[in-house]
Amino acid sequence: MSPRDVTRVLWGFASLGHTPTALLLSIRPDWSWREQQPGATEQEEQGKRRGKGKKSKAKSGRGGDVRDFSPQQLAGVVWALAAMRQVDTVPFRAAWAQLLRRATEVPPAEPVLTQVWQANLALHLESEDASLRAAAAASASSSRSATISLNPNTSAAAKRRGGAGPSGPSAEDLTAVGLAAAASAPTASSTSSSSPSSSTSAPTGLDAAAARALLLRARDVFLSATSGLRRRVQSGYQRQMANALTAMRHMHLLEDNSAGYSIDITLPALRIALEADGPTHTSRTPGGAMLGATAMKRRHLQRLGWQVVNVTYTEWDKLSSDAARRAFLQERINQALVNSLDVGDEL
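A brief look at the structure comes next. Everything quoted here is computed from the prediction, not taken from an experiment. (Residues numbered from 1 in each chain as written. Predicted model: local features only at pLDDT ≥ 70, side-chain atom pairs only at ≥ 80, totals over all residues. Heavy atoms only, no water.)

What about unusual backbone geometry?
With glycine set apart, most residues show a phi of negative sign, and most peptide bonds adopt trans.
And then number 1: For Trp31, which is not glycine, the phi torsion reads 60 degrees and is therefore positive.
And then number 2: Along the chain, Trp31 falls in the loop between α2 (21-26) and β1 (33-36).
And then number 3: Positive phi, normally seen in glycine, also occurs at Arg249, with a value near 65 degrees.
And then number 4: Mapping Arg249 onto the fold places it in the loop between α11 (236-247) and β3 (253-256). (Helix = DSSP H or I, 4+ residues; strand = E, 2+ residues; numbered from the N terminus.)

Put into structure tokens, the structure is as follows:
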């Protein structure tokens, strides 16, 4: 498939929350591809039917590798693979490195930079690569006295993830991990490998300053876009939940963006994130499975030490009175607190 087609297919699967294992295994480490000319397959079949035993003379069409993807396509690819938990695979690292090499070409559009931001978060929070954890730990150690610091209530689990607390990883931590991931990626000339650490080839042409600027710009766009949400009218579900929490005397924040995502409602003192999931958060298939972006957000918030409570619109619509809504929310909050105690006992 061409870069355009593979980007669309991967993005589609990731958005639906599905991981197409066979397709992922077919992606070459350098993303090399070749389009077949129209009619080539028919000519090959005709040759087989004639029994000549000769190779078809039909020539393949144009081809290329990861270098032929546009920056916008690369952003879509790394986001899709991050949503599928593929950040430690060679294809992800190759696409990530190429994206950072072309940092100055990345369009300033908010959707593109949001994909870069979330893929960088996934690297920091979900990678099991020891070199990336070391980069995050070194960054956290060197920035303890800086103005961008970690939350003092960082959990033990979060500390093991390279210093990310409930308030989210610092800008320096994220850029350190993002640059380390690009530096450890194989070159486009690599041929076969299942892990980025198995290749010793470092990418060429990486401008660290430009790559750092891209990652920081992605963070700034996220903060700007999510801060603006606080000034807009909230959804009906979110507003009703907030009203119920006010009646219950729970201190809460709307559109809290301190953890790297805009959370519908947070109870900061309890480290509980409440998400009012409308129809756009679940698929229309039987059972209403959680879509990929929502699932990744949930995973990342949990990695940061939050107890995430997803309230679907189908659940909320069944509650016919204010008293029923308050009782429902209190039950979910109580369960989240119990879950946090269970996690604490395991640490």
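Still more ground to cover, so stick around.
Examining the sheet that holds strand β4 (residues 263-267)
And then number 1: Taken together, the four strands give an open sheet; going across it, the order is β3-β4-β5-β6, and neighbouring strands pair in mixed fashion. Each edge of the open sheet carries a strand with a single partner, namely β3 and β6 (307-312). Pairwise comparison of adjacent strand axes, ignoring direction, gives a mean angle of 35 degrees for this sheet.
And then number 2: When β3 meets β4, the two strands line up antiparallel, connected through three bridges. Considered in β4, the bridge of Leu253 is made with Thr266.
And then number 3: This element, helix α12 (residues 292-303), spans β4, β5 (272-277) and β6 of the sheet and lies at about 155 degrees to β6. (Pairing = 2+ DSSP bridges. Axes fitted to C-alpha atoms, helices over the stretch in contact; angles between N-to-C directions. Contact = heavy atoms within 4.5 Å.)

Details of the nonpolar core
And then number 1: In this structure, Leu10, Trp31, Phe92, Trp96 and Leu100 are the most contacted members of the largest nonpolar core, which totals 65 residues.
And then number 2: Once you skip the residues sitting within four places of it in the chain, Leu10 turns out to touch Leu23, Leu24, Ile27, Trp31, Ala80 and Met84.
And then number 3: Counting 18 residues, the second-largest nonpolar core is a separate cluster that includes Ala242, Ala276, Trp316 and Leu329. (Core = buried A, V, L, I, M, F, W, Y, C linked by side-chain atoms within 4.5 Å. Buried < 20%, exposed > 50% of the residue type's maximum accessible area, 1.4 Å probe, protein only.)

Thoughts on the packing of aromatic side chains
And then number 1: Using the criterion set out here, one finds five aromatic pairs in the structure.
And then number 2: Measuring from ring centre to ring centre gives 5.5 Å for Trp31 and Phe69, while their planes differ by 75 degrees; the resulting arrangement is edge-to-face. Placement of Trp31 in the loop between α2 and β1 and of Phe69 in the loop between β2 (60-64) and α4 (71-83) is noted, with a sequence separation of 38 residues between them.
And then number 3: Residue class for Trp31 comes out buried when judged on its relative accessible area of 4%.
And then number 4: Residue Phe69 is classed as buried on the basis of its relative accessible area of 2%.
And then number 5: Plain terms: the ring middles of Trp117 and Phe222 are 5.1 Å apart, the flat faces sit at 15 degrees to each other, and that makes the pair stacked. Pair noted here: Trp117 is in helix α6 (residues 110-126) and Phe222 is in helix α10 (residues 208-229), with a separation of 105 residues, a long-range link. Residue Trp117 shares its accessibility class with Phe222, and that shared class is buried. (Phe/Tyr/Trp six-rings, centres within 6.5 Å; stacked < 30°, edge-to-face > 60°.)

Considering the packing of α6 against α10
And then number 1: Orientation of α6 relative to α10, taken along the N-to-C sense of each, is 110 degrees, at an axis distance of 8 Å. If you check the angle between α6 and α10, you find them roughly perpendicular. α10 is crossed by α6, and the crossing has left-handed handedness. Facing α6, whose interface residues are Glu110, Leu113, Val116, Trp117 and Asn120, α10 presents Leu214, Leu215, Arg217, Ala218, Arg219, Val221, Phe222 and Ala225.
And then number 2: For the contact of α6 with α10, the per-class residue count stands at nine nonpolar, one polar and three charged. (Parallel < 35°, antiparallel > 145°, perpendicular 65-115°, else oblique. Left-handed = near helix turned anticlockwise from the far one by under 90°. Nonpolar A, V, L, I, M, F, W, Y, C, P; charged D, E, K, R; others polar.)

Here's the deal with the pattern of salt bridges
And then number 1: Taken as a whole and judged by the stated rule, the model has 12 salt bridges.
And then number 2: Measuring nitrogen to oxygen at the nearest pair gives 2.5 Å for the salt bridge that ties Arg67 to Asp65.
And then number 3: Take Arg67: its relative accessible area is 52%, and that puts it in the exposed class.
And then number 4: Relative accessible area serves as the criterion here: at 9%, Asp65 is assigned to the buried category.
And then number 5: Arg102 is paired through a salt bridge with Glu105; the nearest N and O atoms lie 3.1 Å apart.
And then number 6: Put simply, Asp88, Arg93 and Asp129 are held in one network by salt bridges that share partners. (Salt bridge = Lys/Arg side-chain N within 4 Å of Asp/Glu carboxyl O.)

Some words on the packing of α6 against helix α9 (residues 171-183)
And then number 1: Where α6 meets α9, the axes come as close as 9 Å, and the angle between the chain directions of the two elements is 85 degrees. The angle between α6 and α9 falls in the class roughly perpendicular. Across the interface between the two elements, Trp117, Asn120, Leu121, Leu123 and His124 of α6 pack against Asp173, Leu174, Thr175, Val177, Gly178 and Ala181 of α9.
And then number 2: Looking at the contact of α6 with α9, its residues break down into six nonpolar, four polar and one charged.

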